[in-house]
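Working through the structure, step by step
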Amino acid sequence: MEKAAGATTKVVRKAMPWFGMDIGGTLTKLVYFEPKDITPGELDQEAKILRNIRRYLTKHSAYGRTGHRDIHLQMDDVEIRGRRGSLHFIRFPTAEMDKFLALAKKKGMAQLVTTVCATGGGAFKFEDNFKAEVNMKLAKFDELDALIKGILFTETHNPCECYYWENASDISVSSKKKFDFSQPYPFILVNVGSGVSVLAVRGPDNYKRISGTSLGGGTFLGLCCLLTGCTTFEEAIQLATKGDHTKVDKLVKDIYGGDYERFGLPGDLVAASFGQMNLVDRRASVSREDLANATLVTITNNIGSIARMCASNEKIDRVVFVGNFLRVNPISMKLLAFAMDYWSKGTLKALFLEHEGYFGAIGCLLQFNGELNAHVDNEGDLLT
């Protein structure tokens, strides 16, 4: 609509609450900014609905059967767009989006929030659902831009964000050690979600996607559900921690009787993932745990191999792994750390970040300008 005669442009502050969402193929990540510098005027404005939303989101660690708040990741005393407060991190399966929208409607979020910052493929897939169910618009942001911005912001505000695994070759004794990531560039970024994207990052606005693979966290979960009958990522990981992949995979020593010395291949190296499952007696003897562990090792080895080749091609010696595939998954982290070190003869270092899969949600929240421009007439009434 055209601006009315005599109207002026006024900046109207965007009402709380502020959300950032990364709607992935398997998991949705929600970041909620809880302001701690609320003025008396805002208290009057938000009234009962906003107080109830804040209380519900910050006083619970579980929402229904599948939604969870990662309390240990909470970031306090953070400043965003001139406001100071806490960041809360919530996740739920993307397949449960209808339940999330029903909850948003029940708690009255739609009465206060008109726009939610979102990234990921689901920001397009579920755009109509948000509009129809709760009358919310999704302000969509590029997921790779959001990912980089989220990583840089979080590392700056959390001094213990980046770490590596010391003695990763021995899982029983390996331990997390802080890594100084204050001078990050250049680095390879491996984002492991349902699939995998690999980026070469040389500056905050200087990066490119150089590779990827469809074999990622979604593949691991899907195969585990088929092979073991599990139903959740957490259950799949729990099974994998108790299994032995060597009962499923064919190793170098199964072929050569020991090491393949000419090419420096140790006998315990996997030569063929699931290579023993063509034998009837071996199939009969493996457990669900063995199959889950073999699936995890297969996916992890493939990711590590691609990451190492990308780092070599780009001549970059630091590889940062992020994404929800690594959540509650120290086995894969240690395998990746060992693979980077072993196959590069110590020239590559695998790095990890505490907030793993939430960076996209953080990044799109940061890009939200916190204000809405609206035309108002001389009487102060909003014009639509």
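Please refer to the structure placed before this passage.
Residues numbered from 1 in each chain as written. Predicted model: local features only at pLDDT ≥ 70, side-chain atom pairs only at ≥ 80, totals over all residues. Heavy atoms only, no water.

Things to note about the sheet that holds strand β12 (residues 187-192)
Whenever strands of a sheet pair, they do so through backbone hydrogen bonds, lying parallel or antiparallel. Where we set the bar: A pair of strands is treated as paired once DSSP finds two or more bridges between them. Put simply, DSSP marks the helices as runs of H or I at least four residues long and the strands as runs of E at least two long, and each gets a number from the N terminus on. The axes used here are C-alpha line fits, helices contributing only the stretch in contact, and every angle between their N-to-C directions lies in the interval 0 to 180 degrees. We call two residues contacting when some pair of their heavy atoms lies within 4.5 Å.
With mixed pairing, 7 strands are arranged side by side in an open sheet as β11-β10-β18-β17-β12-β13-β14. With one partner strand each, in any of the chains shown, β11 (175-178) and β14 (206-213) form the two edges of the open sheet. If you compare each strand with its neighbour and ignore which way they point, the axes differ by 30° on average. Sitting on the sheet, helix α12 (residues 330-343) touches β10 (162-166), β17 (318-322) and β18 (349-353), and the angle it makes with β18 is about 155°.

Observations concerning the packing of aromatic side chains
Heads up, the rule is: The pairing test for Phe, Tyr and Trp rings, Trp by its six-membered ring, is centres within 6.5 Å, and the orientation test on the planes gives stacked under 30 degrees, edge-to-face over 60, and tilted for anything in between. Note on exposure labels: buried denotes an accessible area under 20% of the residue type's maximum, exposed denotes more than 50%, and partly exposed covers the range between, all computed with a 1.4 Å probe on protein chains only.
For the structure on display, the rule yields 18 aromatic pairs. With 5.4 Å between their ring centres and 55° between their planes, Tyr56 and Tyr63 make a pair best called tilted. For Tyr63, a relative accessible area of 10% gives the class buried. Ring geometry for Tyr260 versus Phe263: centroids 5.3 Å apart, planes at 80°, classification edge-to-face.

Let's talk about the packing of helix α7 (residues 217-228) against helix α11 (residues 288-314)
As a reminder, the rule being used: Relative orientations are named as follows: roughly parallel for angles under 35 degrees, roughly antiparallel for angles over 145 degrees, roughly perpendicular for angles from 65 to 115 degrees, and oblique for any other angle. Should the near helix be turned anticlockwise from the far one by less than a right angle, the crossing is left-handed, and should it be turned clockwise, the crossing is right-handed.
Interaxial distance between α7 and α11 falls to 10 Å at its minimum, and their mutual angle equals 160°. On the basis of their axis angle, the class for α7 and α11 is roughly antiparallel. Note on packing geometry: the crossing formed by α7 with α11 is right-handed. In contact with Thr219, Phe220, Leu223, Cys224, Leu227 and Thr228 of α7, α11 contributes Arg288, Leu291, Ala292, Thr295, Leu296 and Ile299.

Some thoughts on a negative patch on the surface
This is how it is decided: Without a salt bridge and with relative accessible area above 30%, a residue can belong to a patch; like charges are then joined within 9 Å and nonpolar side chains (Val, Leu, Ile, Met, Phe, Trp, Tyr) within 5 Å. In short, Shrake-Rupley with a 1.4 Å probe defines the accessible areas, and a residue's cover is counted only from the protein chains shown. For salt bridges, the criterion is a side-chain nitrogen of Lys or Arg within 4 Å of an Asp or Glu carboxyl oxygen. A positive count includes Lys and Arg, and a negative count includes Asp and Glu. His and the chain ends are not counted in either. By convention, charge coordinates are those of NZ in Lys, CZ in Arg, CG in Asp, or CD in Glu.
On the surface, Asp142, Glu143, Asp145 and Asp205 cluster together into a negatively charged patch. Relative to the helices and strands, Glu143 is located in helix α6 (residues 143-157). Taking relative accessible area as the criterion, Glu143 reaches 42% and is therefore assigned partly exposed.

Some thoughts on the environment of Glu289
Take Glu289: it is sitting in helix α11. The spatial distance from the C-alpha of Glu289 to the C-alpha of Gly243 is 4.1 Å, given a sequence separation of 46 residues. Beyond its immediate sequence surroundings of up to four residues, Glu289 is in contact with Leu239, Ala240, Lys242, Gly243 and Asp244.

Observations concerning the pattern of salt bridges
Under the defined criterion, the tally for this structure stands at 14 salt bridges. Residues Asp77 and Arg84 are paired through a salt bridge, measuring 3.1 Å at the closest nitrogen-oxygen approach. What emerges from the salt-bridge pattern is a single network uniting Asp70, Arg91, Glu234 and Arg327.

Things to note about the side chain of Asp249
Note on placement: Asp249 falls in the loop between α8 (233-241) and β15 (250-251). Here Asp249 is buried and forms no salt bridge, its nearest opposite-charge partner Arg282 lying at an N-O distance of 10 Å. With residues up to four places along the chain from it excluded, the contact list for Asp249 reads Asp254, Val270, Ala272, Ser273, Phe274, Gly275, Gln276, Ala294, Val297 and Thr298.

Re the nonpolar core
For clarity, the threshold we go by: Think of a nonpolar core as a cluster: buried Ala, Val, Leu, Ile, Met, Phe, Trp, Tyr and Cys residues, connected wherever their side-chain atoms sit within 4.5 Å.
Core analysis: the largest hydrophobic core is formed by 39 residues, its most contacted members being Val190, Phe220, Ile303, Phe321, Phe325 and Phe352. Per-element accounting of this core gives the leading share, 8 residues, to α11. Not counting chain neighbours up to four residues away, the residues in contact with Ile303 comprise Val190, Val192, Val196, Leu215, Phe321, Phe325 and Leu336. Membership of the second largest hydrophobic core comes to 36 residues, among which are Trp18, Leu189, Tyr358 and Phe359.

Thoughts on the pairing of strand β3 (residues 27-35)
Burial runs high along β3: 9 of the 9 residues are buried. Burial along β3 is two-sided: Leu27, Lys29, Val31, Phe33 and Pro35 and Thr28, Leu30, Tyr32 and Glu34, pointing in opposite directions, are all buried. Pairing analysis gives 6 bridges linking strand β2 (residues 18-23) to β3, with the strands arranged antiparallel. Among the inter-strand pairings, Gly20 is bridged to a residue of β3, identified as Val31. Joining the antiparallel neighbours β2 and β3 is a turn of 3 residues. Where β3 meets strand β7 (residues 83-93), 9 bridges bridge the pair, whose relative direction is antiparallel. Directly across from Pro35, in β7, lies its bridge partner Gly85.

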